[in-house]
Structure formats: structure tokens, C-alpha cells
Amino acid sequence: MYTAFLNNQVPAIWANAAYPSLKSLASWIKDLLLRCDFMAVMMIFIKLLMNYLFLFSFGLHMVYQNLIGYQVYFFLKVFLQVFYKFMLVNMIYQLMN
């Protein structure tokens, strides 16, 4: 590891556990920090988006319940849970590729 630092290369231990890259150590660390910042911002964005969608869907549920006269909350809840999981998995998959 010491030799890799002296040669401005990513240590083999880190390279095995991280994303593949041909960058020098300084550029690799800079890119790693940018990726971590991006992930933090995306997690905040996803949380805010999910809160907004939940409140919006709850409002739609109340309007629909008043129109048709019976409970549809269970079906809406299941649909939203599947939708959120799909969104989260899709975003993580896109970030990894």
C-alpha cells in the first residue's frame, strides 16, 4: 500500500473493493468524494420525492374514497410500496452503471 501511495496509484486492496478505474490516486479520491456527495444528494431527493408522492397519493385516496364510497387504501398502499421499491432499485441500478 505504501508503494502505491508513493507511485500515486490506487492500492490493490482498495481497487478490489471499489469501482474499476484507471485514474491516478488523487483523481480517484476526488471522483470517490464526488460520487459520495452525489449519493447523499440523491438520498435526500428520494426521501423528499417519496414524502411528496405519499401525501399526493393520500389526497387522491381521500377524493376517490368520497367519490365511490368505500375503502381503497389497502390497494393504494400496496401499489405505492411496490412502486417505491421499483423506483429505488432502478435508481440504485442506474447509479451503479
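Now for a quick tour of the structure. (Residues numbered from 1 in each chain as written. Predicted model: local features only at pLDDT ≥ 70, side-chain atom pairs only at ≥ 80, totals over all residues. Heavy atoms only, no water.)

Tallied over the full model, the rule gives two salt bridges. Here Lys23 makes a salt bridge to Asp31, at a shortest N to O gap of 3.9 Å. On the basis of relative accessibility, which here comes to 41%, the residue Lys23 falls in the partly exposed class. What makes Asp31 buried here is its relative accessible area of 17%. Here Arg35 makes a salt bridge to Asp31, at a shortest N to O gap of 3.1 Å. You can see Arg35 and its partner Asp31 sitting in helix α3 (residues 25-68), four residues apart, about one turn around the helix. Note on Arg35: relative accessible area 39%, which makes it partly exposed. What you see here is one network of salt bridges that share partners, running through Lys23, Asp31 and Arg35. (Salt bridge = Lys/Arg side-chain N within 4 Å of Asp/Glu carboxyl O. Buried < 20%, exposed > 50% of the residue type's maximum accessible area, 1.4 Å probe, protein only. Helix = DSSP H or I, 4+ residues; strand = E, 2+ residues; numbered from the N terminus.)

At 3.0 Å, the side chain of Asp31 forms a polar contact with the side chain of Tyr19. Setting aside chain neighbours within four positions, we find Asp31 in contact with Tyr19 and Lys23. (Polar contact = N/O pair within 3.5 Å; in protein donor to acceptor, adjacent residues only side chain to side chain. Contact = heavy atoms within 4.5 Å.)

What follows deals with the environment of Ile46. Topologically, Ile46 is positioned in helix α3. For Ile46 and Tyr84, which are 38 residues apart along the polypeptide, the C-alpha to C-alpha distance reads 9.5 Å. If near-sequence neighbours (up to four positions away) are discounted, Ile46 is found in contact with Leu88 and Met91.

Once that is clear, we can look at the packing of aromatic side chains. Here the structure, examined in full by the defined rule, presents three aromatic pairs. Taking the centre distance of 5.9 Å and the plane angle of 20 degrees together, the rings of Trp14 and Trp28 count as stacked. Separated by 14 residues along the polypeptide, Trp14 in helix α2 (residues 12-17) and Trp28 in helix α3 bring together distant segments of the chain. Given a relative accessible area of 30%, Trp14 falls into the partly exposed group. (Phe/Tyr/Trp six-rings, centres within 6.5 Å; stacked < 30°, edge-to-face > 60°.)

Before going further, it helps to examine a nonpolar patch on the surface. The grouping of Met1, Phe5, Ile13, Trp14, Ile29 and Leu33 at the surface amounts to a nonpolar patch, some 570 Å² of accessible area in total. At the level of secondary structure, the elements contributing two or more residues to the nonpolar patch comprise α2 and α3. (Patch = residues over 30% accessible without salt bridge, like charges linked within 9 Å, V, L, I, M, F, W, Y side chains within 5 Å. Areas by Shrake-Rupley, 256 points an atom, 1.4 Å probe, with all protein chains shown as cover.)

A few words on the environment of Trp28. When its relative accessible area of 6% is taken as the criterion, Trp28 is described as buried. Put simply, Trp28 and Val10 are 18 residues apart on the chain and 7.3 Å apart in space, counted from C-alpha to C-alpha. Those residues in contact with Trp28 that lie beyond four places of it in its chain are Val10, Trp14, Ala18, Tyr19, Ser21 and Lys23.

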